[in-house]
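# Notes for the structure review
One letter stands for each residue in the lines below.
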Amino acid sequence: MSDPTERYAFGANWQRYLKSSFSEERLEIARRHLLGFLKLDRLDGLTFLDIGSGSGIHSLAAWRSGAKRVLSFDYDPQSVAATRSLHALAGAPANWEIRRGSVLDETFMAGLGVFDVVYSWGVLHHTGDQWRAFANAAGRLAAGGRCYLALYSSDVHIDPSPEEWLAVKRRYNAAGPLVRFAMECRHVWATECRRSIANLFRLPAIARAYRQSRGMALWADARDWLGGWPMEFSSVAEVMARAEGLGLGPVGIAFGEWNTEFLLMSPAAAGPAGLAVLAPTQWKPPPALAGLADLPDRAFFIFGTARGAELLVERLRRRGGPELAGFIDIERVADFQGRPVLSPEDFTARWPADTPVVLSNRYVLQNSARLRSGGHQAIWNGHPLVVSLNFRGP
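These remarks concern the structure in this document.

About the thresholds
Residues numbered from 1 in each chain as written. Predicted model: local features only at pLDDT ≥ 70, side-chain atom pairs only at ≥ 80, totals over all residues. Heavy atoms only, no water. Pairing = 2+ DSSP bridges. Helix = DSSP H or I, 4+ residues; strand = E, 2+ residues; numbered from the N terminus. Phe/Tyr/Trp six-rings, centres within 6.5 Å; stacked < 30°, edge-to-face > 60°. Lys NZ or Arg CZ within 6 Å of the ring centre and 35° of its normal. Axes fitted to C-alpha atoms, helices over the stretch in contact; angles between N-to-C directions. Salt bridge = Lys/Arg side-chain N within 4 Å of Asp/Glu carboxyl O. Buried < 20%, exposed > 50% of the residue type's maximum accessible area, 1.4 Å probe, protein only.

If you trace the 5 strands from one edge of the open sheet to the other, you get S10-S9-S8-S11-S12, paired in parallel fashion. Two strands lie at the open edges of the sheet, namely strand S10 (341–342) and strand S12 (379–381), each paired on one side alone. Sheet topology note: the strand S9 (residues 324–328)/S10 ladder contains 2 bridges and is parallel. Bridge pairing in S10 links Ile328 to Leu342.

Below is the structure:
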């Protein structure tokens, strides 16, 4: 994709992250997230390819998890340098190699060989040719291997739309340091502080909690999101069509605040690995909800009791809608927001199958599957609305 805006300096941002935020705690969080989504306890005996290694934290996490060979590469020289600094921190292990290269370079990619795990988190959509990058990444997968990708999702970004976000990125990259910092502040104020003075004073605590996702840093991710260019969005359906054309199927999908994570495998290899390829009914999210007033006019439940649920309750208070009967949660048992919290099993036993449920967090597919197993079909995907409320406000 062509644009007069210069390419964002991803590597400079990752070097700032390493200097200001990297820690053993963040590394361990990153390692647990990596293994959890790969559905593996360790990487002993496996080879690991990190496409667009950035800071290098996930390459280090893979090496710490026992991978017999790690190969990291990035197009950005400063990202390569950042990854090399973590390689040095690890004692410069001989079984961890770092190169500079492009996922769009077929000759370079073919020379890498094949790997048991191909990993690329938040990278392919920044190459300027996402689907070519996708095919080249998948082509490095060994027989029986697992491909873990994260791509920015058009399914989640409804308001602001992908087009609006691309315009923001152009403005950010064309701006000087002071305007960029002002845009970063506005982004953090909207998404993390939720335009609340009280949350502004809590920002250090919010930033500490933020690292629990993947070991990342709040401000580094804000810069990466606003500056990330080139940039493309894709829907889950588009990714699934491309994966199928490459002989891969989804064995895991998770929606995030800004992206969707995919774990892809050859269908023939999934069974022997103890995994199952998801059917379309399992990976297609329920219909997205534009507003709570669009629900059927009867009592409804919100699935989840975290930040997303709080935003939906605030929206209900300000804009109105059907009666909120309570919440569903797989862990919490105490009341929340003055209403009862039921387990999915209790909800199924006590409420009719046509009771509307709004999913409030990123676990859209998992939670809709729990409800459907109990016979419930009146399910709405509230996650895009939560993302919008997190930025726009109630």
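More follows now that the structure is in view.
Scanning the entire structure with this criterion turns up 13 aromatic pairs. Among the aromatic side chains, those forming a connected cluster through ring pairs are Phe37, Phe48, Tyr119 and Tyr148. We note Arg100 situated over the ring of Tyr75; from NZ or CZ to the ring centre the distance is 5.3 Å. The ring centre of Trp225 lies 4.1 Å from the NZ or CZ of Lys169, which sits over that ring.

Further remarks concern the sheet that holds strand S1 (residues 47–51). Taken in spatial order, the 7 strands make up an open sheet running S3-S2-S1-S4-S5-S7-S6, and their pairing is mixed. Only two strands of the sheet have a single neighbouring strand rather than two, namely strand S3 (96–100) and strand S6 (249–255). Averaged over all pairs of adjacent strands, the angle between strand axes in this sheet comes to 15 degrees, irrespective of strand direction. The pairing of S1 with strand S4 (residues 115–121) spans 3 bridges and is classified as parallel.

Before going further, it helps to spend a moment on the pattern of salt bridges. Taken as a whole, this structure holds 12 salt bridges when the rule is applied. As a salt-bridge pair, Arg132 and Asp129 come within 3.9 Å of each other at their nearest N and O atoms. For Arg132, a relative accessible area of 35% puts it in the partly exposed group. A single network of salt bridges, built from pairs that share partners, joins Glu28, Arg31 and Arg32.

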